[in-house]
Amino acid sequence: MTDAANSAAASFGDRLAGVFAEHGRLCVGIDPHAHLLADWGLDASAAGVREFGLRAVEAVAGRAGIVKPQVAFFERYGSAGYAALEDVLRAARAAGLLVIADAKRGDIGTSVAAYAEAWLTPGSPLEADALTVAAFQGVGSLDDPMRFAEQTGKGLFVLAATSNPEAATVQQAVVADGPRAGRTVARAIIEDVHAFNQAQPPHPFGTVGLVLGATVALGDYGIDTAVAVDPAFPVLAPGFGHQGAKVEDVRRLFGAFAPGVIVSESRGLLSAGPGRLAEAVSRRAGEVRASHG
């Protein structure tokens, strides 16, 4: 890990709590689909996704507190796409937004440590405030990124129960042996993440959170949402808006996990177009705040 890991930084949990208090829980996904680029009058190119991302940042700033660029839509344009993404990440952080890089990285050893350094190192060209990660090789494979995030005041969101139908077979499968034997894979991930967070200094929210789809019946994945945990999980919850989940159902959907839920919406807002996106974000942010009292 780099020397940046040793620098003092406010925890991700502290910063997330501050965003919730000031701007609410809405997270606007920056997903420059080809059809949205066309609808916005932009080319399907690195220049197009850069302009799309910068316009989205401008529309969100001051109206909501969190953005989530989907890395794949930039990556498809190669090095020029990454340069565009760097500009969008930098602009979002300069605007005071909390930035979640939706890259879903996962590996073992020095490889996964390098992913953490790329996305979570202060001053890195790809610096974000948090990163989505996959634990197919086990949550233990993410030990270095989790510790790096804790040291640098950054966050991680581990995929646990995702809304794509193909995921259910794996995520509902039962762990055969070890300390999580008899748990579903999804629940085992949650318990491993909780164990890591509990071992860290106290934060209002844990450094490591979860990705739990808002359209998923969490009980089918063996996930008990009736009991609160301390520290609370940050929960990145995609599926609102276009995918059908409603903001007024957050407490029903997530139970005791609701205090940490980040309401993530992409296409439902982006489809408003560049001229009306700011209005759409303001309206949805107000609805999300109202739903949480």
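Residues numbered from 1 in each chain as written. Predicted model: local features only at pLDDT ≥ 70, side-chain atom pairs only at ≥ 80, totals over all residues. Heavy atoms only, no water.

Draft legend 1. Layout of unusual backbone geometry. Backbone torsion omega between Asp230 and Pro231 reads 0°, so that peptide bond is classified as cis. In this structure, Pro231 sits in the loop between β6 (208–212) and β7 (235–237). Residue Lys104 is not a glycine yet carries a positive backbone phi of 50°. (Helix = DSSP H or I, 4+ residues; strand = E, 2+ residues; numbered from the N terminus.)

Draft legend 2. Structural view of the pairing of β6. By the criterion of burial, β6 is predominantly enclosed, with five of the five residues buried. What you see with β6 is no split at all: Val208, Leu210 and Leu212 on one side and Gly209 and Val211 on the other are buried throughout. Alignment of strand β5 (residues 155–161) against β6, held across five bridges, turns out to be parallel. Bridge pairing in β6 links Ala161 to Leu212. (Buried < 20%, exposed > 50% of the residue type's maximum accessible area, 1.4 Å probe, protein only. Pairing = 2+ DSSP bridges.)

Draft legend 3. Structural detail: the sheet that holds strand β3 (residues 98–105). Spatial ordering of the closed barrel is given by β1-β2-β3-β4-β5-β6-β7-β8, a layout of eight strands whose pairing is parallel. Neighbour-to-neighbour, the strand axes of the sheet open up by a mean angle of 30°, direction not taken into account. Two elements, strand β2 (residues 66–69) and β3, share two bridges in a ladder whose sense is parallel. Counterpart to Ile66 in the pairing with β3 is Leu98. The strands that helix α9 (residues 185–198) touches are β5 and β6; relative to β6, the one it contacts most, it runs at about 160°. Each of β1 (26–30) and β8 (261–265) is contacted by helix α12 (residues 277–291), which is oriented at about 145° to β1, the strand it contacts most. (Axes fitted to C-alpha atoms, helices over the stretch in contact; angles between N-to-C directions. Contact = heavy atoms within 4.5 Å.)

Draft legend 4. The packing of aromatic side chains, seen in detail. Counted according to the given criterion, the structure contains four aromatic pairs. Ring centres of Trp40 and Phe52 lie 4.0 Å apart, and the angle between their planes is 25°; on these two criteria the pair is classed as stacked. Taken together, the positions of Trp40 in the loop between α2 (34–39) and α3 (46–60) and Phe52 in helix α3 put the pair 12 residues apart, joining distant regions of the chain. The same class applies to Trp40 as to Phe52, namely buried. Pairing Phe233 with Phe257 gives two aromatic rings, centres 5.4 Å apart and planes at 75°, and the pair type is edge-to-face. Placement of Phe233 in the loop between β6 and β7 and of Phe257 in the loop between α10 (250–254) and β8 is noted, with a sequence separation of 24 residues between them. A single burial state applies to Phe233 and to Phe257, both of which are buried. (Phe/Tyr/Trp six-rings, centres within 6.5 Å; stacked < 30°, edge-to-face > 60°.)

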